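Okay, here's what each chain looks like letter by letter:
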Amino acid sequence: GIFITYFFKGQGASDFIHSLPIKRYCILNTVYLTYFTHVLLNLLINSVITLIFGIRFNGINIEKALIWVLLSLLIHLFIFSLTVLLGLLINNYLSHTVGTIALLISPVIMGTLIYTTHMVLFKGLSEYPTVLLNDITIPVKFMEFVIADRYHFVYLVVVFVISIVMIALSYYAYMRRKNE
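Remember, predicted model here, so these are calculated numbers, not experimental data.

**Re the overall build of the protein chain**
When helices and strands are counted, the protein chain shows seven helices and zero strands. Secondary structure elements of the protein chain occur, N-terminal to C-terminal, as α-α-α-α-α-α-α. The proportion of buried residues among the 180 residues of the protein chain is 33%. A fraction of 66% describes how many contacts in the protein chain between residues 6 or more apart in sequence connect residues 24 or more apart. Entry remark: accessible area of the protein chain is about 11,600 Å², with carbon and sulfur atoms responsible for 73%.

In structure tokens, the structure reads:
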């Protein structure tokens with residue numbers, strides 16, 4: 001996501017892209033379409049290979065492969081939409097990378113820091129709030145879904161809606177953004 005949006009950050013690349021007779025929404029459409037075409041092709045190829053080699057195993061079937069593809073697409077949608085939105089707001093590669101990673105795992109990090117500080121200073125907290133922190137850390141929650149083979153539909157819909165909102169915000173920010 002960071003490298004596919006290089007033209008957001010490089011002056012020469014930005015000048016070239018924005019000098020072309022292409023509307024801004026078409027440029028952003030191309031970014032999203034390119035990324036998701038690449039991801040979908042990779043997921044389909046990997047799921048077919050998994051199914052072919054999984055014939056020998058009882059736990060791997062078409063249903064599991066499709067669920068894996070759909071969950072992977074959803075997590076890719078969330079992470080890529082977050083990455084593009086942050087890319088429009090932050091014009092530095094290092095800050096963009098660190099910001100994206102920090103936002104994805106910050107609930108676990110902050111929860112651990114707050115919990116351990118509270119345990120050192122006070123004697124009221126008896127157990128680590130694992131469920132809450134895992135629920136708000138989306139990559140961790142998706143790993144739980146796959147490992148437990150149980151999926152919470154409302155949670156997945158909320159993640160999807162948040163992803164769509166981030167995509168809409170990225171279009172809004174890109175349309176209002178001045179030429180770099």
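The discussion continues.
**Concerning the nonpolar core**
If you look at the biggest cluster of nonpolar residues, it comprises 26 residues, and the most contacted ones within it are Leu28, Tyr32, Phe36, Phe80 and Val84. Those elements that provide at least two residues to this core are α2 (24-54), α3 (62-89) and α7 (153-176). Element by element, the count of residues in this core is highest for α3, at eleven residues.

**Thoughts on the packing of α2 against α7**
Axes are the key here: two packed helices are described by the angle between their axes and the distance separating the axes. Two numbers describe how α2 lies on α7: the axes approach to 10 Å, and their chain directions differ by 140°. Relative to α7, the element α2 is oriented oblique. For the pair α2 and α7, the sense of crossing is right-handed. Along its contact with α2, which presents Arg24, Tyr25, Ile27, Leu28, Asn29 and Tyr32, the element α7 presents Ile167, Ser170, Tyr171, Tyr174 and Met175. Here the residues of the contact of α2 with α7 are counted per class, giving eight nonpolar, two polar and one charged.

**Focus: the packing of aromatic side chains**
Per the counting criterion, the structure on display carries six aromatic pairs. With 5.3 Å between their ring centres and 85° between their planes, Tyr35 and Phe36 make a pair best called edge-to-face. Neither Tyr35 nor Phe36 differs from the other in exposure class; each is buried. Aromatic pair Tyr35 and Phe80: ring centres 3.8 Å apart, planes at 5°, arrangement stacked. Here the residue Tyr35 occupies a position in helix α2, and Phe80 occupies one in helix α3, the gap between them amounting to 45 residues. Just as Tyr35 is buried, Phe80 falls in that class too.

**Structural notes on the side chain of Ser170**
Relative to the elements of secondary structure, Ser170 occurs in helix α7. Taking the relative accessible area as the measure of exposure, Ser170 reaches 0% and is therefore buried. At 3.0 Å, the side chain of Ser170 and the side chain of Tyr32 are in polar contact. With residues up to four places along the chain from it excluded, the contact list for Ser170 reads Leu28, Tyr32, Val84, Leu85 and Leu88.

**Describing the environment of Ser163**
Here Ser163 shows up in helix α7. Setting aside residues no more than four positions away along its own chain, Ser163 makes contact with Leu77, Phe78 and Ser81.

**Some remarks on α2**
Along its 31 residues, α2 runs 44 Å from first to last C-alpha, staying within 8% of the 45 Å computed at 1.5 Å per residue. Taken together, the buried positions of α2 are occupied by Arg24, Ile27, Leu28, Val31, Tyr32, Tyr35, Phe36, Val39, Leu43, Ser47 and Gly54.

**Quick word on the packing of α2 against α3**
At a minimum axis separation of 10 Å, α2 and α3 run at an interaxial angle of 155°. Considering the angle they form, α2 stands roughly antiparallel to α3. The way α2 lies across α3 gives a crossing that is right-handed. The segment α2 lies against α3, with Leu28, Val31, Tyr32, Tyr35, Phe36, Val39, Leu40, Leu43, Asn46, Ser47 and Leu51 engaging Ile62, Ala65, Trp68, Val69, Ser72, Leu73, His76, Leu77, Phe80, Ser81 and Val84.

Parameters and conventions
Residues numbered from 1 in each chain as written. Predicted model: local features only at pLDDT ≥ 70, side-chain atom pairs only at ≥ 80, totals over all residues. Heavy atoms only, no water. Helix = DSSP H or I, 4+ residues; strand = E, 2+ residues; numbered from the N terminus. Buried < 20%, exposed > 50% of the residue type's maximum accessible area, 1.4 Å probe, protein only. Contact = heavy atoms within 4.5 Å. Areas by Shrake-Rupley, 256 points an atom, 1.4 Å probe, with all protein chains shown as cover. Core = buried A, V, L, I, M, F, W, Y, C linked by side-chain atoms within 4.5 Å. Axes fitted to C-alpha atoms, helices over the stretch in contact; angles between N-to-C directions. Parallel < 35°, antiparallel > 145°, perpendicular 65-115°, else oblique. Left-handed = near helix turned anticlockwise from the far one by under 90°. Nonpolar A, V, L, I, M, F, W, Y, C, P; charged D, E, K, R; others polar. Phe/Tyr/Trp six-rings, centres within 6.5 Å; stacked < 30°, edge-to-face > 60°. Polar contact = N/O pair within 3.5 Å; in protein donor to acceptor, adjacent residues only side chain to side chain. Expected span 1.5 Å × (residues − 1).

In short, the description is geometric, and any link to function would need to be established separately.
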